[in-house]
Amino acid sequence: MVDIDPWSSDVSTDYDRIIQQFGLSSVPLAEIPNPSLHHRRDIIFAHRDLGNILQAHARGDSFGVMTGLMPSGQMHLGHKMVIDQVRWFQEQGADVTIAVADLEANATRGYSLAECRRLALEEYVANYVAMGLDPEKTQIYFQSSRPIVQRMGFTLGKRTNLSEFEAIYGFQGDTNLAHVQAPLVQAGDILHPQLEEYGGLRPIVVPVGVDQDPHLRLCRGLAGKTNWFNVIERKNGGLRITVSVMVENQSIVAADKSSTAAIFTQIIDAVKTLGYGDIMADAKHGIVDLPAATPKDRYPVRMALLTLERSLGGPGLLQPSSTYHRFAVGMTGGKMSSSKPETTIFLNESLDKMEKKFKRSFSGGQSTVEEHRRIGGNPDVDVAFQYLLFFFEEDDAALEEIRRAYVSGDLLSGELKAITIEKARAWLTELGEMRDQNAHLINQFLADDAQN
Ligand code: TRP
């Protein structure tokens, strides 16, 4: 049993088991448009419902990407991974929503809201700007000044209970309730961009490290439980639509025979407009079957039904999509962690410090030059190589050449470190320049409700 705890820095790296145990899917590289370095190198190794995003992209429909940050401390390479992914989705056409989780940081870490604001702008948004997010397609907001996310968290709370929190997060009797509220508000963060006011119904993807999957599982469960209509795959092929009768909709979907029949007519009309001729409706059992539909049709069918649900007064929330990345090894060979500065590079690190960290970093080389020439180095555990792979060498062919030279013993550890240091130096220098040059754009990233 692999346990994932989003609050622990001790993350299991048994990725295959994680995929299996939590029902994630592998990333279909051939279907990714303009695959990034993360896709090409299998760093983004799994997803849930990424197909919704890919289909929206292929059809020219709108889609969004969502992330959030707890403003606590300094940004480092681990954060860069997420922002690079957000930027990639933005380049593919996504609108971007970013939550500053100031309520969460206030409740769980004791930061004041004013401190959160200062840190968020000076440290986080400044680096987002520098890393090339487009201010015109990015909306940053504070949890504390967007009451709808708090209200959604509250409302969604009735779809879960303490047993589920115990199962997902391992919470117990002594768990502080701030840790119960934070994931609910975060579900509000993730789902609210679908509200009409924030862009309307569209798929939203949340790129995360695999440690954050518990939050996504919770959020998807909560969203799914609000759905009036469900779409499942039939055992013998095709799709099946079922109606969920719940307190919120029973007067509309199941008041009497004629209201149930009217709902079925609307479901059939909704799927007919998608072009399905073969529709088998069984109102008595609350089922509509589409025997000719394929698994890929699930997305348009679901969207049509969520639209219908909204027209009937329901929330019409699509479960969020998510992608999962592997973690780069920490510089000392263990985990990367912001609380251990020697394990990572900060985005405002001095060049000297960066160089020192790499010089001291864990190496996959042999202890003597003779031995290294004879046996070669191990790039899989070598920090300098891994950081080229994860962060600094965009060119796959160049990376492969370095790998070969290292494995064969032609390239020494010190030489490999020098290559990585040069790349990191160029990156840090440019990032600093971009931060200075673009500081004036910070306010353009803030949503209206975040402008003080
Ligand atoms: N809980 C996240 C963290 O600890 C921050 C966060 C809040 C978040 N809302 C979010 C992340 C929505 C992704 C999506 O950093």
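Here we summarise the structure given alongside this text. Everything numeric here is computed off the predicted structure, so don't read it as measured data.

### Brief notes about unusual backbone geometry
Here is step 1 of the chain: If you check the backbone angles, aspartate 42 has positive phi at about 60° while not being a glycine.
Here is step 2 of the chain: Its location among the elements puts aspartate 42 in the loop between α2 (37–40) and β2 (44–48).
Here is step 3 of the chain: Residue classification places aspartate 42 among the partly exposed residues on the basis of a relative accessible area of 38%.
Here is step 4 of the chain: Despite not being glycine, aspartate 49 has its phi angle at roughly 55°, a positive value.
Here is step 5 of the chain: In this structure, aspartate 49 sits in the loop between β2 and α3 (50–59).
Here is step 6 of the chain: Of the residues examined, aspartate 49 reaches a relative accessible area of 28% and is grouped as partly exposed.

### Topic: helix α7 (residues 147–156)
Here is step 1 of the chain: Considered for burial, the residues of α7 that qualify are Ile148, Val149, Met152, Gly153 and Leu156. For α7, the angular spread of the buried residues around the axis is 140°, confining them to a single face. Pointing more than 90 degrees away from the buried face of α7 are the exposed residues Pro147, Arg151 and Phe154.

### Regarding the sheet that holds strand β8 (residues 239–243)
Here is step 1 of the chain: As summarised here, the arrangement of the four strands in space is β7-β8-β10-β9, forming an open sheet in which the pairing is antiparallel. The open sheet is flanked by β7 (229–233) and β9 (280–282), the only strands paired with a single partner. Strand-to-strand twist in this sheet, taken as the mean axis angle between neighbours without regard to direction, amounts to 20°.
Here is step 2 of the chain: Pairing geometry for β7 and β8, over five bridges, is antiparallel. Among the inter-strand pairings, isoleucine 232 is bridged to a residue of β8, identified as arginine 240.
Here is step 3 of the chain: Running at roughly 170° to β7, helix α13 (residues 298–311) makes contact with β7, β8 and β10 (287–290) of the sheet.

### Regarding the packing of aromatic side chains
Here is step 1 of the chain: Applying the stated criterion to the full structure yields 10 aromatic pairs.
Here is step 2 of the chain: With 5.9 Å between their ring centres and 35° between their planes, phenylalanine 165 and phenylalanine 171 make a pair best called tilted. Of the two residues examined, phenylalanine 165 and phenylalanine 171, each falls in the buried class.
Here is step 3 of the chain: Both rings, one in tyrosine 387 and one in phenylalanine 391, keep their centres 5.2 Å apart while their planes meet at 75°; by these two values the pair is edge-to-face.

### A closer look at the nonpolar core
Here is step 1 of the chain: Of all hydrophobic cores here, the largest spans 73 residues; its most connected members are Tyr128, Phe358, Tyr387, Phe391 and Phe392.
Here is step 2 of the chain: When residues of this core are assigned to their parent elements, the largest contribution, nine residues, is made by helix α16 (residues 383–392).
Here is step 3 of the chain: In contact with tyrosine 387, other than residues within four places in its own chain, are Leu77, Ala328, Val329, Gly330, Met331, Met336, Thr343, Phe358, Phe392 and Thr420.
Here is step 4 of the chain: In this structure, Ile18, Cys219, Leu222 and Tyr324 belong to the second largest nonpolar core, which totals 36 residues.

Quick notes on the rules
- Residues numbered from 1 in each chain as written.
- Predicted model: local features only at pLDDT ≥ 70, side-chain atom pairs only at ≥ 80, totals over all residues.
- Heavy atoms only, no water.
- Helix = DSSP H or I, 4+ residues; strand = E, 2+ residues; numbered from the N terminus.
- Buried < 20%, exposed > 50% of the residue type's maximum accessible area, 1.4 Å probe, protein only.
- Arc of directions from axis to C-beta.
- Pairing = 2+ DSSP bridges.
- Axes fitted to C-alpha atoms, helices over the stretch in contact; angles between N-to-C directions.
- Contact = heavy atoms within 4.5 Å.
- Phe/Tyr/Trp six-rings, centres within 6.5 Å; stacked < 30°, edge-to-face > 60°.
- Core = buried A, V, L, I, M, F, W, Y, C linked by side-chain atoms within 4.5 Å.

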